[in-house]
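# Chain and residue survey
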Amino acid sequence: MQIPDISRTKSAELYEKAKTYFPGGVNSPVRAFKSVYGTPLFIEKGDGSHIWDADGNEFIDFCGSWGPLILGHNRASVREKVMEVMQKGMSFGAPTALENELAELILSNNKYIQKIRFVSSGTEAVMSAIRLARGYTKRDKILKFEGCYHGHTDALLVKAGSGLVTFGETSSAGVPKAFADETIVVALNDKDALLKAFDDFKDQIAAVIIEPIPANNGLLLQTPEYLNFLRDTCIQNGTMLIFDEVISGFRVGFEGAAAYYNIQPDIITYGKIIGGGLPVGAYGASAEVMDHISPVGSVYQAGTLSGNPVAMAAGIAQLTELLQPGFYEELHDKTAGFVKAIEAFVAERGYELKVFTIGSIFWFAFTGKETISSADDIDPQSMLKFKAMHRELINRGIYLGPSGYEVGFISAAHTTADLETTKTAIFDSLDIVFE
Ligand code: PLP
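Since we're looking at a predicted model, the values are computed, not measured.

## Brief notes about the pairing of strand β3 (residues 58-61)
Here strand β2 (residues 50-53) pairs with β3 via three bridges, running antiparallel. Each residue of the ladder has a partner; that of His50, found in β3, is Ile60. Taking the residues between adjacent antiparallel strands as the criterion, β2 and β3 are bridged by four residues, where Gly56 takes a positive phi near 85 degrees.

## Observations regarding the site of the ligand
Taken together, 15 residues form the shell around the ligand, and within it Ser121, Gly122, Thr123, Gly151 and Val246 come nearest. When residues in the shell around the ligand are grouped by element, the largest group, three residues, is from helix α4 (residues 122-137). Residue composition of the shell around the ligand, grouped by class: five nonpolar, eight polar and two charged.

## Considering the sheet that holds strand β15 (residues 398-399)
Within the open sheet, the four strands sit side by side as β1-β2-β3-β15. Their pairing is mixed. This sheet does not close on itself; its edge strands, each paired only once, are β1 (43-47) and β15. As defined by bridge partners, β1 adjoins β2 across four bridges and the pair is classed as antiparallel. Residue pairing across strands places Ile43 opposite Asp53, the latter belonging to β2.

## Side note on the confidence of the model for the protein chain
Considering every residue of the protein chain, the mean pLDDT works out to 96; 98% of them sit at 70 or more. Prediction confidence for the complex, expressed as pTM and ipTM, is 0.98 and 0.99 respectively.

## Comments concerning the packing of helix α12 (residues 383-395) against helix α13 (residues 416-433)
Closest axis-to-axis distance for the α12/α13 pair is 9 Å, and the angle between their directions is 135 degrees. Here α12 lies oblique to α13, going by the angle between them. You can see that α12 and α13 cross each other, and the crossing is right-handed. In this structure, α12 contributes Lys385, Ala388, Met389, Glu392 and Leu393 to the contact, and α13 contributes Ala425, Ser429, Leu430, Ile432 and Val433. Partitioned by chemical class, the residues of the contact of α12 with α13 number seven nonpolar, one polar and two charged.

## Some thoughts on unusual backbone geometry
Cis geometry is adopted by the peptide bond preceding Pro295, which originates at Ser294 and carries an omega value of 15 degrees. Note that Pro295 resides in the loop between α9 (287-290) and α10 (309-322). A positive phi is found at Lys138, a non-glycine position, where the angle reads about 60 degrees. Even without being a glycine, Asn262 presents a positive backbone phi close to 55 degrees. Following the sequence through the fold, Asn262 ends up in the loop between α8 (256-261) and β11 (267-270).

## Describing the sheet that holds strand β5 (residues 141-146)
Pairing between the strands of a sheet comes from backbone hydrogen bonds, and it takes one of two forms, parallel or antiparallel. What the seven strands build is an open sheet, ordered β4-β12-β11-β10-β9-β5-β8; its pairing is mixed. Each edge of the open sheet carries a strand with a single partner, namely β4 (115-119) and β8 (183-187). Neighbour-to-neighbour, the strand axes of this sheet turn through a mean angle of 20 degrees, independent of strand direction. Judged from the four bridges that link them, strand β9 (residues 205-210) and strand β10 (residues 240-244) form a sheet pairing that is parallel. Counterpart to Ile209 in the pairing with β10 is Ile242. Packed on one face of the sheet, helix α6 (residues 191-200) meets β5, β8 and β9 and runs near 155 degrees to β8.

## Quick notes on the domain arrangement of the protein chain
Entries for the protein chain in the domain assignment read domain 1 (9-62 + 326-433) and domain 2 (77-322). Facing 17 residues of domain 1, the contacting portion of domain 2 comprises 19 residues. Those elements giving two or more residues to the side of domain 1 that touches domain 2 turn out to be α11 (327-349), β13 (354-358) and β14 (361-365). Per-element accounting of the side of domain 1 that touches domain 2 gives the leading share, three residues, to β14.

## Focus on the environment of Tyr260
Inspection of the secondary structure assignment puts Tyr260 in helix α8. Taking the number of C-beta atoms within 10 Å as the measure of exposure, Tyr260 has 19 and is therefore partly exposed. Sequence-wise, Tyr260 and Gly359 are 99 residues apart; in three dimensions their C-alpha atoms are separated by 9.7 Å. Excluding residues that lie within four positions of it along the chain, Tyr260 makes contacts with Val252 and Gly253.

## Observations concerning the UniProt feature "modified residue: N6-(pyridoxal phosphate)lysine" (unreviewed entry) in the protein chain
The positions that UniProt labels "modified residue: N6-(pyridoxal phosphate)lysine" (unreviewed entry) are, in the present scheme, Lys272. With respect to the helices and strands, the residue Lys272 is situated in the loop between β11 and β12 (281-285). According to the C-beta neighbour criterion, Lys272 is buried, with 26 such atoms within 10 Å.

## Concerning the nonpolar core
With 119 residues, the main nonpolar core has Ala133, Val208, Ile242 and Ile267 as its most contacted residues. Each of domain 1 (9-62 + 326-433) and domain 2 (77-322) gives at least three residues to this core. The contact partners of Ile267, leaving out residues within four places of it in the chain, are Ala129, Leu132, Ala133, Met240, Ile242, Tyr283, Ala285 and Val289.

## Considering the packing of helix α2 (residues 76-86) against α10
Packing of α2 against α10 brings their axes to within 8 Å, and their N-to-C directions diverge by 150 degrees. Regarding the angle of α2 to α10, the classification is roughly antiparallel. Considering only the axes of α2 and α10, their crossing is right-handed. Residues Ser77, Val78, Lys81, Val82, Val85 and Met86 of α2 lie in contact with α10, whose contacting residues are Pro309, Val310, Ala313, Ala314, Ile316, Ala317, Gln318 and Glu321. For the contact of α2 with α10, the per-class residue count stands at ten nonpolar, two polar and two charged.

## Overview of α6
Where α6 is concerned, the buried positions are Ala193, Leu194, Ala197 and Phe198. Buried residues along α6 cover an arc of 135 degrees about the axis, so they all sit on one side. Residues of α6 that are exposed and point more than 90 degrees away from the buried face comprise Asp192 and Asp199. Buried residues belonging to α6 abut β5, β8, β9 and α7 (224-236).

Definitions and cut-offs
- Residues numbered from 1 in each chain as written.
- Predicted model: local features only at pLDDT ≥ 70, side-chain atom pairs only at ≥ 80, totals over all residues.
- Pairing = 2+ DSSP bridges.
- Helix = DSSP H or I, 4+ residues; strand = E, 2+ residues; numbered from the N terminus.
- Near = placed C-beta within 6 Å.
- Nonpolar A, V, L, I, M, F, W, Y, C, P; charged D, E, K, R; others polar.
- pLDDT = per-residue confidence, 0-100.
- Axes fitted to C-alpha atoms, helices over the stretch in contact; angles between N-to-C directions.
- Parallel < 35°, antiparallel > 145°, perpendicular 65-115°, else oblique.
- Left-handed = near helix turned anticlockwise from the far one by under 90°.
- Contact = placed C-beta atoms within 7 Å.
- Domains from an automatic or database assignment.
- Buried ≥ 20, exposed ≤ 12 C-beta atoms within 10 Å, placed from the backbone.
- UniProt positions renumbered as here; feature names shortened; annotations may be inferred.
- Core = buried A, V, L, I, M, F, W, Y, C linked by C-beta atoms within 7 Å.
- Arc of directions from axis to C-beta.

The structure is reproduced here in structure tokens:
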């Protein structure tokens, strides 16, 4: 049954004002709700799995600040640690023991990296990892996949060119064509395209970068076989393999996708969860590779707020909880049960919808296809159904990221009752979408 739209009076007022301050009224484009109905909701507070907007509407949140909040909003352990550290000052631009503490927590529980460097965002982590790969291999070209997002660094704002040409085209104004020419773009899950690129650019490719769990253009799950093929092909060509684990790191397990698939990449990038909701990114590799970075090595990379103590504190508190025995099993079981119930409902009704999932990530794909493993597999028209579902869910107090290409995240804070409420809201919404 259709229900009335929620009130957005205050959010709409704030948005009008914001438009006079910020391009499009936002500080990051997808927040502008361009792909869904209504004006953006201005969020006032969050607690556990719930958020509240400026009009007092309450939602169960499945966006989790786009992934960082694996423990939910305002987790007491994270808040208290941050407040304790803040009492002593907020930034020194000099080393602190907190950096050691977070590094120790990560490195002693992750066999895929031996040294790490903290930065302040996922974009910065990726940008630095690429520079490291180029410096290490003394090659210039990099290869990325259509449908993977790696932040807004110039070299990666590149999409596939037309036809069989593997040269990338810039996907943003302001990226020099010469930069895009250094980036090769191929389709995911296409072995021939990858081999052709290595053939066309023999001994020129410094790094292949992939989201091993591509989760920025839907959830384009790759087979372990394909990821292993990628690993082997890179080894054969003297090319570094970069796993961009800004989403998957600490999400599908403490050691991320590298452990999930048991594949050793050459460099791994992190972001989101690592900072407990504060701005932290990182990249890590073997000690030998990492020692190519300044001040010991010749690859320059720096940051005024890198390793910021308050941000480190949030990371320490959050990651400590993730190491509790059974943490991931519980989260994954909870997610699997939630997805199964939706799939059962969809099957019973005969609706054309699949819910792809891994760990605590899920994605609604309005498709009849059994698998979706490359960007081309997604029908853009299917996004209209997501748009309709998003409106229904918002009106029923369920907050999903405002685009059908975005995945949802379940956190440790989501209760059985939350998930029951959400399932009912999804069932009712789907009945309207498919009416
Ligand atoms: N890499 C991946 C896989 C991401 O999902 C993102 C952001 O969503 C980034 C890099 C960029 O991270 P940030 O937004 O922190 O710069």
